[in-house]
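# Geometric and topological summary
The residues making up each chain are set out below.
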Amino acid sequence: MIVNKKLVEAGKKLLQTLPKEGTKWSTLYGSKLLETNHSPDSQLDVIVAVEDPPTWHQKNQRQNPHHYQTDHSSWIMSRVRSVKKAPKILYHPYVRVDGSEFVFKYGVIGVDDLVEDLREWSHLLVAGRLHKPVLPIIPDGETNTDTHKKIEKAMFQNRVQAIGYAWNYLPRKFNERSLFLKIAEISYIGDFRLVVGAENPNKINNIVSDSNMDLFRYIYKEPIDILIKDKLLESDMRDGHYCKTKESESFDKNQKMKYLPKHLTRLDQDTTYEQDLIYTRKRIENI
């Protein structure tokens, strides 16, 4: 995978301005990374995973008060502590860093909340963003720690679930682009911005562009291999398509939907596979 060194350096510069203690993991993501937004005003999106969000924000507020709206600082801290159902991530937009040409929007989330969303699709706010190619920037001293390994394992599970979702909603034979488009659309299912025209209707197609295909191939090679090993998928090398195996036609719904987060399915109920596909789609719409 080709790494954009300019973006890596930009991400490192941002991390250098944030509290080092408690910062466990970060990644670049979004339109600036995938070059789908060429506006000079677009922001470089970053997710920062921290050990203890309230304590971390207190330190960051002292270190970078200009990242916070002073009038709402008490609301920000109580929000971080008290939110139960809403995604537990706080975004800081339009942040400038000395020595960098980029404008940043960074979101701060607790490690446990990040891992939960990746594994369970609790909110899909972060998990959906991380279905697409990303560029992790690991803080100094955090490489190969238990926390780093836990996040990377959850990242992989998130991608396996994404490709498991796509398999269930694609026809028997499909090409590579159709597969990645189906994955990229997950985070936009039920997105009100697309309904009212507040989001670019071509955004998903722009994400799965020719220039990004190799990135998608790189991060989904192993998840695809898992489906092939499980006799769900096979590659037709004659025309570059994938096919659902003939064996999978006789699989029950538990085998077909095994990679989806359990709370989004009804595998323990006496319902048909077709009914469950509709149910799961609706559940994702309402997350």
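Parameters at a glance
The residue count restarts for each chain, going from 1 along the sequence in the order it is written. Reporting of local features is limited, given that this is a predicted model, to residues whose pLDDT is at least 70; pairs of side-chain atoms are given and counted only at 80 or more, and all residues count toward the totals for whole chains, interfaces and linings. Side-chain measures were taken over the full set of non-hydrogen atoms in the model, leaving aside hydrogen atoms and water. Put simply, buried Ala, Val, Leu, Ile, Met, Phe, Trp, Tyr and Cys residues joined by side-chain atoms within 4.5 Å make one nonpolar core. Buried residues are those whose accessible area, probed at 1.4 Å on protein chains only, stays under 20% of the maximum for their type, while exposed residues exceed 50% and partly exposed ones sit between those limits. The secondary structure listing takes helices from DSSP runs of H or I that are at least 4 residues long and strands from runs of E that are at least 2 residues long, numbered from the N terminus. Multiplying 1.5 Å by the residue count of a helix minus one yields the expected span of that helix. When we speak of the arc, we mean the arc of directions from the helix axis to the C-beta atoms. Residues are treated as being in contact if the distance between any of their heavy atoms lies within 4.5 Å. A pair is scored as a salt bridge if a Lys or Arg side-chain nitrogen falls within 4 Å of a carboxyl oxygen belonging to Asp or Glu. We treat two strands as partners when DSSP finds at least two bridges between them. An axis is simply a line fitted to the C-alpha atoms; with a helix, the fit covers only the stretch in contact. Between two such axes, the angle follows the N-to-C directions and lies from 0 to 180 degrees. Identification of polar contacts relies on pairs of N or O atoms within 3.5 Å, with a donor-acceptor requirement for protein atoms, meaning one able to donate a hydrogen and the other able to accept it, and with residues adjacent in sequence counted only if both atoms are side-chain atoms.

### Focus: the nonpolar core
Ranked by internal contacts, the top residues of the largest apolar core, which has 57 residues, are Leu114, Trp121, Leu130, Leu179 and Tyr220. Mapped onto this core, the elements with two or more residues apiece are strand E1 (23-29), strand E2 (44-50), helix H5 (111-120), helix H6 (125-129), helix H7 (146-169), helix H8 (176-184), helix H11 (213-229) and helix H13 (273-285). The leading source of residues in this core is H7, at 10 residues.

### Some points on helix H1 (residues 5-17)
Over its 13 residues, H1 runs 19 Å from end to end, which matches the ideal 18 Å to within 8%, given 1.5 Å per residue. Looking only at H1, the buried set comprises Leu7, Val8, Ala10, Gly11, Leu14 and Leu15. Taken down its axis, H1 places every buried residue within 160 degrees of arc, on the same side. Of the residues in H1, the exposed ones pointing more than 90 degrees away from the buried face are Lys5 and Gln16. In this structure, the buried residues of H1 make contact with E1, helix H2 (31-34), E2, strand E3 (89-96), strand E4 (103-110) and strand E5 (135-136).

### Some details on the pattern of salt bridges
Here the structure, examined in full by the defined rule, presents 16 salt bridges. When the shortest N-O distance is used, the salt bridge between Asp112 and Lys150 registers 3.4 Å. Taken as a pair, Asp112 in helix H5 and Lys150 in helix H7 lie far apart in primary sequence, 38 residues in all. The exposure class assigned to Asp112 is exposed, which follows from its relative accessible area of 55%. The partly exposed category is assigned to Lys150, whose relative accessible area is 31%. In this structure, the salt-bridge partner of Arg217 is Glu176, at a minimum N-O distance of 2.8 Å. Residue Arg217 is located in helix H11, and its partner Glu176 is located in helix H8; the two are separated by 41 residues in the primary sequence. The network of salt bridges with common partners includes Glu176, Asp214 and Arg217.

### Regarding the sheet that holds E1
Strands sit in the order E3-E4-E2-E1-E5 across an open sheet of five strands; the sheet is mixed. With partners counted over all chains shown, the strands left at the sheet margins are E3 and E5, one partner each. As paired strands, E1 and E2 are joined by six bridges and run antiparallel to one another. By the bridge assignment, Trp25 is partnered in E2 with Ala49. The sheet strands contacting H1 are E1, E2, E3, E4 and E5, and the helix crosses E1 at an angle near 140 degrees. Packing against the sheet, helix H3 (residues 53-63) makes contact with E1, E2, E3 and E4, and its axis sits at approximately 145 degrees to E4.

### So, the environment of Val50
Note that Val50 resides in strand E2. Sequence separation of Val50 and Lys24 is 26 residues, and the distance between their C-alpha atoms is 5.3 Å. When residues no more than four places from it in sequence are discounted, the contact partners of Val50 are Gly22, Thr23, Lys24, Trp56, Val108, Ile109, Gly110 and Val111.

### Quick word on the sheet that holds strand E7 (residues 233-236)
What the three strands build is an open sheet, ordered E6-E8-E7; its pairing is antiparallel. In this open sheet, the two strands that pair with only one neighbour each are strand E6 (173-175) and E7. For this sheet the average axis-to-axis angle between neighbouring strands, irrespective of direction, equals 30 degrees. Bridge analysis of E6 against strand E8 (residues 241-244) gives three bridges, and the strand direction is antiparallel.

### Some details on the environment of Asn175
Along the chain, Asn175 falls in strand E6. We classify Asn175 as partly exposed; its relative accessible area is 29%. Counting along the chain gives 65 residues from Asn175 to Gly240, while the straight-line C-alpha distance between them is 6.7 Å. Looking at Asn175, its side chain comes within polar contact range of the main-chain nitrogen of Ser178, at 2.8 Å.

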